[in-house]
Amino acid sequence: QVQLVESGGDLVQAGGSLRLSCAASENIRNFASMAWYRQPPGKQRELVASISRGGSTDYADSVKGRCTISRDDAKNTVSLRMNSLKPEDTAVYYCAASQLIVAVHTYWGQGTQVTVSS
């Protein structure tokens, strides 16, 4: 079973920065894409950013210019750097991976809490 473990969630002040990390139990080159999702309180889960096996990236409009997703194949990790954090960024952030279809993420981590204070 594929294991994805997120870390780096914290309580930060608005305007601050945070880096989230996702450690995979196997070679992340096995996956068509890796992604970060988030689920704010009382809202549905949404895609924040994704990165394909070839390195192509995609971002939600709400985080463009503030977030950067990257992958380190040698370390089997995917990171999300978030800058200029806003209270609306408060959510549980999940790491996910797709096996063959880039847009269909079938493996999920347990999440890490990000709280941005006003």
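Our structure's up above, just so we're on the same page.
Let me sum up the structure you'll find in this document. (Residues numbered from 1 in each chain as written. Predicted model: local features only at pLDDT ≥ 70, side-chain atom pairs only at ≥ 80, totals over all residues. Heavy atoms only, no water.)

When helices and strands are counted, the protein chain shows zero helices and eleven strands. Its helices and strands taken in sequence order, the protein chain reads β-β-β-β-β-β-β-β-β-β-β from the N to the C terminus. Compactness check: the protein chain gives a C-alpha radius of gyration of 13 Å against a globular reference of 13 Å for 118 residues, within 12% of the reference. Residue burial in the protein chain is summarised as follows: out of 118 residues, 44% are buried. Long-range pairs, those at least 24 residues apart, make up 55% of the contacts in the protein chain with a sequence separation of at least 6. Of the accessible surface of the protein chain, which amounts to about 6,200 Å², a share of 45% is contributed by carbon and sulfur atoms. (Helix = DSSP H or I, 4+ residues; strand = E, 2+ residues; numbered from the N terminus. Rg over C-alpha atoms; globule rule 2.2 N^0.38 Å. Buried < 20%, exposed > 50% of the residue type's maximum accessible area, 1.4 Å probe, protein only. Contact = heavy atoms within 4.5 Å. Areas by Shrake-Rupley, 256 points an atom, 1.4 Å probe, with all protein chains shown as cover.)

The antiparallel open sheet is built from four strands, whose spatial order is β1-β3-β8-β7. What marks the edges here is a single partner per strand, and that holds for β1 (4-7) and β7 (67-72). Across the sheet, the axes of successive neighbouring strands diverge by a mean angle of 15 degrees, strand direction being ignored. In terms of strand pairing, β7 meets strand β8 (residues 77-82) through six bridges, oriented antiparallel. By the bridge assignment for β8, C67 is matched with M82. (Pairing = 2+ DSSP bridges. Axes fitted to C-alpha atoms, helices over the stretch in contact; angles between N-to-C directions.)

For the rest of this paragraph, the subject is the nonpolar core. Counting residues in hydrophobic clusters, the biggest one holds 30 residues, and the most contacted among them are L4, M34, W36, I69, V78, L80 and Y93. Elements with a contribution of two residues or more to this core: β3 (18-24), β4 (33-39), β5 (46-52), β7, β8, β9 (91-98) and β11 (112-117). Not counting the four nearest positions on each side in its chain, Y93 is found in contact with E6, L20, W36, Y37, R38, V48, L80, M82, G111, T112 and V114. (Core = buried A, V, L, I, M, F, W, Y, C linked by side-chain atoms within 4.5 Å.)

Time to look at the pairing of β9. A large share of β9 lies buried, amounting to seven of its eight residues. As paired elements, β4 and β9 share seven bridges and run antiparallel to each other. If you follow Y37 over to β9, its bridge partner there is Y94. With three bridges joining them, β9 and β11 adopt antiparallel strand pairing. Opposite Y93, over in β11, you have T112 as the bridge partner. Across two bridges, β9 lies against strand β10 (residues 107-108) in antiparallel orientation. The residue bridging A96 from the neighbouring strand is W108, located in β10.

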